[in-house]
Amino acid sequence: NAGVTQTPKFQVLKTGQSMTLQCAQDMNHEYMSWYRQDPGMGLRLIHYSVGAGITDQGEVPNGYNVSRSTTEDFPLRLLSAAPSQTSVYFCASSRTGTVGSYEQYFGPGTRLTVT
Amino acid sequence: AQSVTQLGSHVSVSEGALVLLRCNYSSSVPPYLFWYVQYPNQGLQLLLKYTSAATLVKGINGFEAEFKKSETSFHLTKPSAHMSDAAEYFCAVINRGGADGLTFGKGTHLIIQP
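Here goes a summary of the coordinates provided.

Parameters and conventions
- Residues numbered from 1 in each chain as written.
- Chains lettered and ligands numbered in written order.
- Predicted model: local features only at pLDDT ≥ 70, side-chain atom pairs only at ≥ 80, totals over all residues.
- Heavy atoms only, no water.
- Helix = DSSP H or I, 4+ residues; strand = E, 2+ residues; numbered from the N terminus.
- Buried < 20%, exposed > 50% of the residue type's maximum accessible area, 1.4 Å probe, protein only.
- Areas by Shrake-Rupley, 256 points an atom, 1.4 Å probe, with all protein chains shown as cover.
- Lys, Arg positive; Asp, Glu negative; His and termini not counted.
- Charge placed at Lys NZ, Arg CZ, Asp CG, Glu CD.
- Phe/Tyr/Trp six-rings, centres within 6.5 Å; stacked < 30°, edge-to-face > 60°.
- Core = buried A, V, L, I, M, F, W, Y, C linked by side-chain atoms within 4.5 Å.
- Contact = heavy atoms within 4.5 Å.
- Pairing = 2+ DSSP bridges.
- Axes fitted to C-alpha atoms, helices over the stretch in contact; angles between N-to-C directions.
- 1 Å grid on protein atoms, 1.4 Å probe; cavity = no way out; pocket = protein on both sides within 12 Å on 5 of 7 lines; lining within 4 Å.
- Points joined across faces, edges and corners; volume = space filled by probe spheres on them.
- Nonpolar A, V, L, I, M, F, W, Y, C, P; charged D, E, K, R; others polar.
- Salt bridge = Lys/Arg side-chain N within 4 Å of Asp/Glu carboxyl O.
- Polar contact = N/O pair within 3.5 Å; in protein donor to acceptor, adjacent residues only side chain to side chain.

1. Remarks on the overall build of chain A
Scanning chain A from N- to C-terminus turns up zero helices and eleven strands. Of the regular secondary structure in chain A, the N- to C-terminal order runs β-β-β-β-β-β-β-β-β-β-β. When its C-alpha atoms are laid out on the principal axes, chain A stretches across 45 × 30 × 25 Å. The buried share of chain A, reckoned over its 115 residues, is 48%. Counting only carbon and sulfur atoms, one obtains 50% of the accessible surface of chain A, whose full area is about 5300 Å². Across chain A, the mean location of the 8 positive side-chain charges is 10 Å away from that of the 8 negative side-chain charges.

What follows is the structure, encoded as structure tokens:
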């Protein structure tokens, strides 16, 4: 199993550009989520999905869109990049609905810089 | 809304000394609790988790944590620090419904002095 994979690993954007961060998992997990990590802030939830076709907002959703057309993939779209979106982005997945689950498996991260 | 407080953004210990990283949570219902470790330029790795079984939880790399409901705490300990333990440590909680994601503390950077 590859687990959770993310592409690209690094990206530099200019203000106003758009791009999609890719996330895929091969563990057949229902739950997938996106976090951003900023120095001294820990990780904050951007969007999450409890299954294909279902998404919802987390703590910091503004400026980001998501969709979930398959169980495996959960891309994160930046519509018009801003310097405030410079961050490290992590995708995570987990099972749901079972007592003792919710252990989230994290991808390696995408380091995004917006100039 | 639940929250997680990690006391001390930086903790420094000598190699071989006790490691104690503090985590307190606020939640009306005891949540599930996790400790993650992040090595430089890497993703997050699960150290251990509390899911309402035993209150003393053992994890990888010799770490353990004790859930204390009366103190709303889930502190992480290791009896003897090793140089390889130097990393960022995050405490996180999730509601038992699980659907609204993890809430993380701001992290504690563990420094090991030789």
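Picking up after the structure, the text goes on.
2. Things to note about the packing of aromatic side chains
The tally for this structure, following the rule as stated, stands at 13 aromatic pairs over all chains. Their ring planes at 15 degrees and their centres at 4.1 Å tell us that B:Tyr50 and B:Phe67 sit as a pair that is stacked. With a gap of 17 residues between them, B:Tyr50 in strand E5 (residues 44-50) and B:Phe67 in strand E7 (residues 64-68) connect regions that are remote in the sequence. Here the two residues B:Tyr50 and B:Phe67 agree in accessibility, since each one is buried. With 5.5 Å between their ring centres and 45 degrees between their planes, B:Phe63 and B:Tyr89 make a pair best called tilted. Residue B:Phe63 is located in the loop between strand E6 (56-58) and E7, and its partner B:Tyr89 is located in strand E9 (residues 87-94); the two are separated by 26 residues in the primary sequence. For the pair B:Phe63 and B:Tyr89, a shared accessibility class is recorded, and that class is buried. An aromatic cluster is built from A:Tyr35, A:Phe106, B:Phe34, B:Tyr36, B:Phe90 and B:Phe104, whose rings are joined through pairwise contacts.

3. Focus on the nonpolar core
Burial of nonpolar side chains together is a common tendency in soluble globular proteins. One finds B:Trp35, B:Leu48, B:Phe74, B:Leu76 and B:Tyr89 to be the most contacted residues of the largest nonpolar core, which totals 26 residues. Among the secondary structure elements, those contributing two or more residues to this core are strand E2 (10-14), strand E3 (19-26), strand E4 (32-38), E5, E7, strand E8 (73-78), E9 and strand E11 (108-113) of chain B. Other than its neighbours up to four places away in sequence, B:Phe74 contacts B:Cys23, B:Leu33, B:Phe34, B:Trp35, B:Leu48, B:Lys49, B:Tyr50, B:Val57, B:Ala65, B:Glu66 and B:Phe67. One finds A:Tyr35, A:Leu43, B:Tyr36 and B:Ile94 within the second-largest nonpolar core, a separate group that totals 20 residues.

4. A few points about the sheet that holds strand E8 (residues 76-78) of chain A
Residue and element names in this part refer to chain A. Taken in spatial order, the four strands line up as E1-E3-E8-E7 in an open sheet, and their pairing is antiparallel. Each edge of the open sheet carries a strand with a single partner, namely strand E1 (4-7) and strand E7 (64-66). With strand direction ignored, the average angle separating the axes of adjacent strands in the sheet is 20 degrees. Two elements, strand E3 (residues 19-25) and E8, share three bridges in a ladder whose sense is antiparallel.

5. Considerations on the layout of surface pockets
Considering only enclosed or pocket space, the largest pocket measures out at about 650 Å³ in volume. Lining the largest pocket are 29 residues, and of these A:Gln37, A:Val88, A:Arg111, B:Gln38 and B:Asn41 lie nearest its centre. Among the elements that line the lining of the largest pocket, the one with the most residues is E9(B), at three residues. Here the lining of the largest pocket is composed, by residue class, of nine nonpolar, 15 polar and five charged.

6. Let's talk about the interface of chain A and chain B
Across the boundary between the two partners, chain A contributes 21 residues, which contact 23 residues of chain B. At the boundary of chain A with chain B, the tally comes to one salt bridge. For A:Glu103, the salt bridge is made with B:Lys49, and the minimal N-O distance between the two is 3.0 Å. In this assembly, chain A and chain B are joined by six residue pairs in polar contact (both at pLDDT 80 or more). The biggest single contributor to the side of chain A that touches chain B is strand E5 (residues 42-51) of chain A, with five residues. Along the lines of polarity and charge, the residues of the side of chain A that touches chain B split into twelve nonpolar, seven polar and two charged.

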